[in-house]
Each structure stands twice: as C-alpha cells, then as structure tokens.
Amino acid sequence: RLSCTGDTYEIECGFMLTPVQFDFWELSYIGVAKAYRDRGVGSEALECALQKLGAIGAKYVITHVDVSNEPAIRLYKKFGFRPTGTWDVRYWPGES
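Please read these numbers as outputs of a predicted model, since none were measured by experiment.

Take the packing of helix α1 (residues 41-55) against helix α2 (residues 70-78) next. The interhelical angle for the contact between α1 and α2, taken along N-to-C directions, is 45°, at an axis separation of 10 Å. Classed by the angle they form, the pair α1 and α2 counts as oblique. As α1 runs across α2, the sense of the crossing is right-handed. Touching Gly42, Ser43 and Leu46 of α1 are Leu75, Tyr76 and Lys78, all from α2. For the contact of α1 with α2, the per-class residue count stands at three nonpolar, two polar and one charged.

Set out below in structure tokens:
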C-alpha cells in the first residue's frame, strides 16, 4: 500500500528510511513487485519518501545500489542522486 498525498494505491512496493544523524538519512531499501515495474511506481514511491523526509527537515539522503541495477540507477539519477564512490563487495559461494 502506497499513500503519500492522501490517495492510497493497492500496489506492492515500499521503501525503508534510516536516520543516520540529524538531517542525514539513508534510503536503505526501495522495492516494487515485478507486476508493477515500468509503470512509474518506483518514481512515485521515491518521490513520496523524499517528500516525507523533506517534511521532517532532512537535507541529505544517501543510498546504495548495485552497479548492475540499471533501472535503479536511472531512477536515482532522475531524482538528483549522483554517484560518490564504489565499494567492492564479495559474496560467499551460493550467495548473491
């Protein structure tokens, strides 16, 4: 369920915001069910998250995204996020 402007949408998506310190927040997760992808749902969810953060005085928002997740990278760039660095993350066999 997504509700930001008073309208409620029965869709499978969500986001998780984590305070880091003062006016600095982390967008820890944003996800949209496969059946709702490529319909603007991710944009709407991210816009909603950023509106909520702005309403409480957040000035900085960070997120992490896999370099191979091109749809997420496009989404974040659309909203003004910019890359600031990369991390080399290694997985154990069988993990992804």
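There's plenty left to go through after this.
What follows deals with the pairing of strand β5 (residues 60-63). One ladder, built from four bridges, connects strand β4 (residues 24-32) with β5; its direction is parallel. Of the residues in β5, the one forming a bridge with glutamate 26 is isoleucine 62. With α1 bridging β4 and the parallel β5, this β-α-β connection has right-handed handedness.

Among the structural elements, valine 20 can be located in strand β3 (residues 13-21). Here valine 20 falls in the partly exposed class, since its relative accessible area comes to 43%. As for valine 20 and tyrosine 60, which are separated by 40 residues in sequence, their C-alpha atoms are 9.8 Å apart. In contact with valine 20, other than residues within four places in its own chain, are Trp25 and Glu26.

Thresholds, definitions, all that
- Residues numbered from 1 in each chain as written.
- Predicted model: local features only at pLDDT ≥ 70, side-chain atom pairs only at ≥ 80, totals over all residues.
- Heavy atoms only, no water.
- Axes fitted to C-alpha atoms, helices over the stretch in contact; angles between N-to-C directions.
- Helix = DSSP H or I, 4+ residues; strand = E, 2+ residues; numbered from the N terminus.
- Parallel < 35°, antiparallel > 145°, perpendicular 65-115°, else oblique.
- Left-handed = near helix turned anticlockwise from the far one by under 90°.
- Contact = heavy atoms within 4.5 Å.
- Nonpolar A, V, L, I, M, F, W, Y, C, P; charged D, E, K, R; others polar.
- Pairing = 2+ DSSP bridges.
- Right-handed = clockwise from strand over helix to strand, strands pointing away.
- Buried < 20%, exposed > 50% of the residue type's maximum accessible area, 1.4 Å probe, protein only.

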